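# Chains, contacts and geometry: an overview
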Amino acid sequence: MYADAATEAAVNAFIAQWTAGQDGAGVLPVFVALCDHLHTHDGAVAEFVSRPGVSHSLRGTFPGWAARPLAVLVDVIDDDPAARWLSVCFHDDSLTDPEERGDWIPTGLNGNDARCFNLEDGDEEFMFYVKERISEAFAHCRASA
């Protein structure tokens, strides 16, 4: 669920302005699918921070998980709005990466080691792999709460 009605309205407005003409790489449907997937997890709350020209961040939190405020960060990288891409990041110790498709980023997420997956096109198979990582991270949150 979204943190509040204003957050949901902001995400919907962002998606509405991101037209197909601005999505040459085909990542808009991936972003929408990841948003929808995030909402399938009980206890998950989505916040949205928009910094045009830098990034638009969907932040998946799990309020019952006091250890860390963030479970997943879905960033739309916006340095070139005509060629946006996604960076989906997690705390490295909250999931596995059996195919080693993510990049390990030391102290990359709130000062903790991170695992980030860059989706630069509409690759559905990779999107499903990242969805599995989202589910795994939220399962970790629930187990650690």
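Just above, that's the structure.
Throughout this description, residue numbers start from 1 for each chain and increase along the sequence as written. With pLDDT at 70 or above as the cut-off, local features in this predicted model cover only qualifying residues; side-chain atom pairs require 80 or more to be listed or tallied, and sums for whole chains, interfaces and linings still use all residues. Working from all heavy atoms in the structure, the side-chain values ignore hydrogens and water.

We now examine the nonpolar core. By size, the foremost hydrophobic cluster in this structure holds 36 residues, and its most contacted members are F31, L34 and L58. Those elements that place two or more of their residues in this core are α1 (5-17), α2 (28-38), β1 (45-51), β3 (72-77), β4 (85-91), β6 (112-119) and α3 (124-144). By the criteria applied, helices consist of DSSP H or I runs no shorter than four residues and strands consist of E runs no shorter than two, each listed in order from the N terminus. In terms of residue count, α3 provides more of this core than any other element does, eight residues in total. With sequence-adjacent residues up to four places away left out, L58 is seen in contact with Y2, V11, F31, C35, L38, A46, E47, F48, V72, L73 and V74. Residue types Ala, Val, Leu, Ile, Met, Phe, Trp, Tyr and Cys, when buried and joined through side-chain atoms within 4.5 Å, form a set referred to as a nonpolar core. A 1.4 Å probe rolled over the protein chains alone gives each residue an accessible area, and that area as a share of the maximum for its type sets the label: buried under 20%, exposed over 50%, partly exposed in between. By definition, residues are in contact when any of their heavy atoms lie within 4.5 Å.

What follows deals with the packing of aromatic side chains. Working definition: rings of Phe, Tyr and Trp (its six-membered ring) pair if their centres are within 6.5 Å, and the pair is stacked with planes under 30 degrees apart, edge-to-face with planes over 60 apart, and tilted otherwise. Across all of its chains, the model carries nine aromatic pairs by this definition. Geometrically, the ring pair formed by F14 and F48 is tilted, given 5.7 Å between the ring centres and 45 degrees between the ring planes. Linking F14 in helix α1 with F48 in strand β1, this pair joins segments that are 34 residues apart in sequence. Across the pair, exposure class does not vary: F14 and F48 are buried alike. Between W18 and F31, the ring centres sit 6.0 Å apart and the planes meet at 45 degrees, which makes this aromatic pair tilted. Here W18, found in the loop between α1 and α2, pairs with F31, found in helix α2; they are 13 residues apart in sequence, far enough to count as distant. Owing to a relative accessible area of 1%, W18 belongs among the buried residues under this scheme. Judged by its relative accessible area of 0%, F31 falls in the buried class. One aromatic cluster in this structure is built from F14, W18, F31 and F48. Ring-over charges, as used throughout, are those where CZ of Arg or NZ of Lys falls within 6 Å of the ring centre and within 35 degrees of the ring normal. The cationic tip of R84 hangs over the ring face of W18; the distance from NZ or CZ to the ring centre is 5.1 Å. Taking NZ or CZ as reference, R101 lies 5.3 Å from the ring centre of Y129, over its face.

For this text, the term disulfide refers to a pair of cysteine sulfurs within 2.5 Å. Evaluation of the coordinates by the stated rule reveals one disulfide. Between the sulfur of C89 and that of C116 lies a disulfide, 2.1 Å long from S to S. An S-S torsion of about 115 degrees defines the bridge between C89 and C116 as right-handed. Of the two residues, C89 is situated in strand β4 and C116 in strand β6; the sequence distance between them amounts to 27 residues. On the basis of relative accessibility, which here comes to 8%, the residue C89 falls in the buried class. Judged by its relative accessible area of 9%, C116 falls in the buried class. We note that C141 lacks a disulfide partner, and the nearest cysteine sulfur, in C89, lies 15 Å from it. Given a relative accessible area of 1%, C141 falls into the buried group.

The subject of this paragraph is the sheet that holds β6. Across the sheet, six strands lie side by side as β1-β2-β3-β4-β6-β5; this open sheet has antiparallel pairing. The sheet is open, and its two borders are formed by β1 and β5 (103-109), each paired with just one other strand. Each strand of the sheet is rotated relative to its neighbour by a mean of 25 degrees, with strand direction disregarded. Axis geometry follows a simple rule: fit a line to the C-alpha atoms, using only the stretch in contact for helices, then measure angles between N-to-C directions, giving values from 0 to 180 degrees. Running at roughly 55 degrees to β1, α1 makes contact with β1, β2 (55-61) and β3 of the sheet. On top of the sheet, α3 reaches β2, β3, β4 and β6; it is set at about 155 degrees to β6, its chief contact. When DSSP locates at least two bridges between a pair of strands, those strands are taken to pair.

Any functional reading would require information that these geometric values do not contain.
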